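Secondary and tertiary structure notes
If you want the building blocks of each chain, they are given just below.
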Amino acid sequence: MGQPKTSVVADRKDSASDALTLRDGSRIGVVGAGPAGSMFAFFVLEMSSHFGLKVLVDLYDPRDFSVRGPAGCNMCGGIVSESLVQILAVEGIILPPQVVQRGIDSYVLHTDVGSVRIDTPLEEKRIAAVHRGGGPTGSRELDDSPWNSFDEYLQTLAVGRGAFLIRSTIKSIRRHGDRPEIVDAAGDRSDYDLLVIASGINSPLNEFTASLDPSIKPPAQKRAGIREVFLGEDRIGSVLGSSMHTFMVNVPGMEFAAIIPKGEYASVCLLGKSINRETIDRFMESPTVRNLMPEEWDPRNFQCRCLPKLAMGAASRPYADRVVFIGDAGNTRLYKDGIGAAYKTAKAAAAAVVLHGVGARSFRKYYAPVCRRLTFDNHIGRVVFFVASLIRHFKPAQRAVLWMTRQEQNKVSSERQMSTVLWDMFTGSAPYREIFLRTLRPKFLWRTAVTLVTTVFMWRRTGITYWQRQA
Ligand SMILES: Cc1cc2nc3c(=O)[nH]c(=O)nc-3n(C[C@H](O)[C@H](O)[C@H](O)COP(=O)(O)OP(=O)(O)OC[C@H]3O[C@@H](n4cnc5c(N)ncnc54)[C@H](O)[C@@H]3O)c2cc1C
């Protein structure tokens with residue numbers, strides 16, 4: 001992180017007399033030490049030290065991320081784009097190889113009518129995988145494992161900068177005078193100059209937000225599903241290879257699914273409108289998944305499972321005087337890159353409080369624009385996913401997408417338009433706005449329309465598809 005610019009220093013000096021400004025000894029409470037909470041603590045300590053400002057940061061989280069199974073895990077697919085890994089490195093958050101595995105160099109798109117492998121369009125568009133906890137239930141002792149938890153690593157960085165980690169659950173939040181006050185599991189009360197809510201979407205704490213300010217409403221949410229399936233390293237290599245496998249198949253309630261190789265395990269993630277155990281069973285038993293997995297594999301055999309909530313967007317007005325909501329509790333990206341959104345909101349909130357104060361005015365001016373950009377992009381994301389759902393329900397469209405992608409991957413066409421659109425959509429490497437604008441290019445629209453019409457025409461007349469004829 002570079003030195004602050006002079007105008008910014010002046011701005012901070014101007015507001016230094018304001019009661020809603022941090023000063024030496026100001027106390028900040030951060031509820032939740034997932035990616036958003038730990039990164040906020042890291043940034044706020046880092047930035048305030050640039051101004052010679054000594055703030056005290058308490059970071060609350062009951063989870064021990066070295067524990068295996070759901071109790072020590074923040075329940076996520078763990079896909080991180082290479083560009084985010086690079087951005088974090090520039091910020092001083094350098095993820096070691098035990099935390100971020102860069103083995104994934106391609107993905108395979110599976111549909112009801114066939115599959116296609118898509119290689120990374122560009123080096124910086126590679127994807128990495130992380131574990132959000134100590135590993136699946138029953139996984140080997142950590143000493144043997146080449147993996148360390150991403151969340152534990154971020155927490156350690158925050159503590160290294162001076163944050164005080166308190167392993168406790170916050171049971172309630174309220175206002176005490178003009179200051180926010182929290183009550184922990186032991187019944188102890190603490191009030192703070194600033195309270196940062198980074199407790200994600202799975203926390204019952206969301207029920208208390210209205211007591212801070214009635215206009216604050218938590219984000220909409222849905223259920224997602226995760227299962228960890230042990231296959232062993234050899235079978236992971238032969239079955240999944242170094243690819244993330246994504247599925248655009250027609251399973252009721254499911255928007256999309258991914259199977260991600262992680263060491264000896266395959267992480268199965270399902271996102272959609274209504275995910276429950278039956279949806280996951282139906283997906284695991286679908287012909288597409290059965291064809292991919294080893295013959296002797298039992299779809300009902302898995303080592304770890306959870307049905308976490310998935311944040312579907314923004315909290316309404318995620319701030320008030322001395323309170324700010326970040327990460328999933330404040331705003332996130334639709335279906336993708338929640339860790340990237342946690343980074344963006346954590347950094348923006350830290351900059352707002354250090355440079356401009358902890359009042360609602362500061363958050364409205366310097367934090368809300370970042371949230372608005374995420375929200376706007378999510379609106380476009382909804383359109384992108386609506387089109388994807390039409391394609392999922394219409395087999396000729398699935399065939400057209402597969403054919404265009406195969407043609408690009410076989411380098412018949414020099415431009416990889418469809419491959420790049422799909423890559424960015426499934427990995428979250430680019431904003432939805434960028435993906436959408438790319439699909440509006442006349443050449444892309446023309447190629448898609450011609451392929452679709454040809455596919456429908458041939459399928460009707462001969463029962464074979466255009467690409468089968470080409471082969
Ligand atoms: C199925 C699924 C797959 C996903 N896959 C990906 C993916 O591949 N890539 C990606 O980037 N994102 C993914 N996400 C999204 C990602 O998990 C979140 O966006 C990200 O974890 C948000 O970080 P956070 O710090 O805001 O919240 P969280 O990671 O949820 O962390 C919140 C923390 O707060 C703590 N906490 C909660 N309540 C309290 C309390 N009362 N007191 C104290 N502490 C508390 C919790 O223990 C937790 O550690 C996925 C989500 C789901 C559901």
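These figures come from a predicted structure and were not determined experimentally. All residue numbers here refer to positions counted from 1 along the written sequence of the relevant chain. Where totals are concerned, whole chains, interfaces and linings use all residues; where local detail is concerned, this predicted model gives features only for residues with pLDDT of at least 70, and gives and counts side-chain atom pairs only at 80 or more. The side-chain numbers reported here are obtained from all heavy atoms of the structure, hydrogens and water having been left aside.

What follows covers the overall build of the protein chain. The secondary structure content of the protein chain amounts to 15 helices and 21 strands. Accessibility here uses a 1.4 Å probe with only protein chains present; expressed as a share of the type maximum, an area under 20% marks a residue as buried, one over 50% as exposed, and anything in between as partly exposed. Classification of the 471 residues of the protein chain by burial places 56% in the buried group. Here a residue-residue contact requires only that any non-hydrogen atoms of the pair lie within 4.5 Å. Taking all contacts inside the protein chain whose residues are at least 6 apart in sequence as the whole, residues at least 24 apart take part in 74%. Computed by Shrake-Rupley with a 1.4 Å probe, the accessible areas treat only the displayed protein chains as cover when residues are assessed. Of the roughly 20200 Å² of accessible surface on the protein chain, a fraction of 54% belongs to carbon and sulfur atoms. The numbering of helices and of strands both runs from the N terminus, where a helix is a DSSP run of H or I of at least 4 residues and a strand a run of E of at least 2.

Where helix α12 (residues 417–427) meets helix α13 (residues 432–439), the axes come as close as 10 Å, and the angle between the chain directions of the two elements is 160 degrees. The pairing of α12 with α13 is recorded here as roughly antiparallel in orientation. Both α12 and α13 take part in a crossing whose hand is left-handed. Of the residues in α13, those touching α12 at Thr420, Val421, Asp424 and Met425 are Ile435, Arg438 and Thr439. Here an angle of 0 to 180 degrees is reported between the N-to-C directions of two axes, which are lines fitted to C-alpha atoms, with helices fitted over the stretch in contact. We call two directions roughly parallel when the angle between them is under 35 degrees, roughly antiparallel when it is over 145, roughly perpendicular when it lies between 65 and 115, and oblique otherwise. Crossings are sorted by hand: turned counterclockwise from the far helix by less than a right angle, the near helix makes the crossing left-handed, and turned clockwise it makes it right-handed.

With that settled, the discussion passes to empty space enclosed by the protein. Think of a 1 Å grid over the protein atoms and nothing else: a 1.4 Å probe that fits but is trapped marks a cavity, an open set flanked by protein within 12 Å on at least five of seven lines marks a pocket, and residues with an atom within 4 Å of a point count as lining. Grid points are joined across faces, edges and corners, and a volume is the space filled by probe spheres set on the points. With the rule as written, the count across this model stands at two cavities of 30 Å³ or more. What the largest cavity holds in volume is close to 170 Å³. Forming the boundary of the largest cavity are 18 residues, of which Cys73, Pro136, Ile226, Glu228 and Cys304 lie nearest the centre. Elements supplying a minimum of two residues to the lining of the largest cavity: β14 (225–230) and β18 (304–306). When residues are grouped by polarity, Ala, Val, Leu, Ile, Met, Phe, Trp, Tyr, Cys and Pro land in nonpolar, Asp, Glu, Lys and Arg in charged, and all others, Gly among them, in polar. Partitioned by chemical class, the residues of the lining of the largest cavity number eight nonpolar, five polar and five charged. Note that the domain bounds reflect an automated or database-derived domain assignment. Residue contributions to the lining of the largest cavity reach at least three from each of two domains, namely domain 1 (6–73 + 150–221 + 311–378) and domain 2 (102–143 + 222–310). Empty space within the second largest cavity amounts to approximately 30 Å³. Looking at the second largest cavity, the residues that line it are Met248, Glu255, Phe256, Phe385, Ala388, Arg392, Met425 and Phe426. Class assignment for the residues of the lining of the second largest cavity results in six nonpolar, no polar and two charged. Mapped onto the domain boundaries, the lining of the second largest cavity takes at least three residues apiece from domain 2 (102–143 + 222–310) and domain 3 (381–470).

It is worth spelling out the pattern of salt bridges at this point. Every case where a carboxyl oxygen of Asp or Glu lies within 4 Å of a side-chain nitrogen of Lys or Arg is listed as a salt bridge. The tally for this structure, following the rule as stated, stands at 22 salt bridges. Among the salt bridges present, the one from Arg179 reaches Asp193, with a minimum N-O distance of 2.7 Å. Note that Arg179 is positioned in strand β10 (residues 179–184) and Asp193 in the loop between β11 (189–191) and β12 (194–197), a separation of 14 residues in sequence. When the shortest N-O distance is used, the salt bridge between Asp424 and Arg438 registers 2.6 Å. Remark: Arg438 occurs in helix α13 and Asp424 occurs in helix α12; sequence separation between them is 14 residues. Arg438 carries the same exposure label as Asp424, and that label is buried. A single salt-bridge network, built from bridges that share partners, covers Asp178, Arg179, Asp191, Asp193 and Arg322.

Not every one of the 37 residues close to the ligand is listed here, only the nearest: Asp61, Gly77, Ile79, Ile170 and Asp328. Distance and chemistry together define a polar contact, namely a pair of N or O atoms within 3.5 Å, with one atom able to donate a hydrogen and the other to accept it when in protein, and with adjacent residues in sequence counting only for side-chain atoms on both sides. In the model, an oxygen atom of the ligand is placed 2.9 Å from a nitrogen or oxygen of the Ala36 main chain. Contact between the ligand and Gly338: an oxygen atom at 3.1 Å from a main-chain N or O atom of the residue. Across the complex, the protein chains shield 92% of the 1000 Å² of accessible surface that the ligand would expose by itself. Taken together, the elements giving at least two residues each to the shell around the ligand come down to α2 (35–50), β19 (309–311) and α8 (338–356). Residue composition of the shell around the ligand, grouped by class: 18 nonpolar, 13 polar and six charged. Each of two domains, domain 1 (6–73 + 150–221 + 311–378) and domain 2 (102–143 + 222–310), supplies a minimum of three residues to the shell around the ligand. Nearness is judged by heavy atoms alone; a residue qualifies as near a molecule or strand once a single heavy atom is within 4 Å of it.

Taken in spatial order, the seven strands make up an open sheet running β6-β5-β15-β16-β17-β14-β18, and their pairing is mixed. Unpaired on one side and paired on the other, β6 (114–119) and β18 mark the two borders of the sheet. The sheet shows a mean angle of 15 degrees between the axes of neighbouring strands, direction not considered. Relative to strand β15 (residues 243–248), strand β5 (residues 106–111) runs parallel, the two sharing six bridges. Across the sheet, Ser106 pairs through a bridge with Ser243, a residue of β15. Relative to strand β16 (residues 254–262), helix α10 (residues 368–393) is tilted by about 90 degrees, and along the sheet it contacts β15 and β16. Paired strands, as defined in this entry, are two strands with at least two bridges between them according to DSSP.

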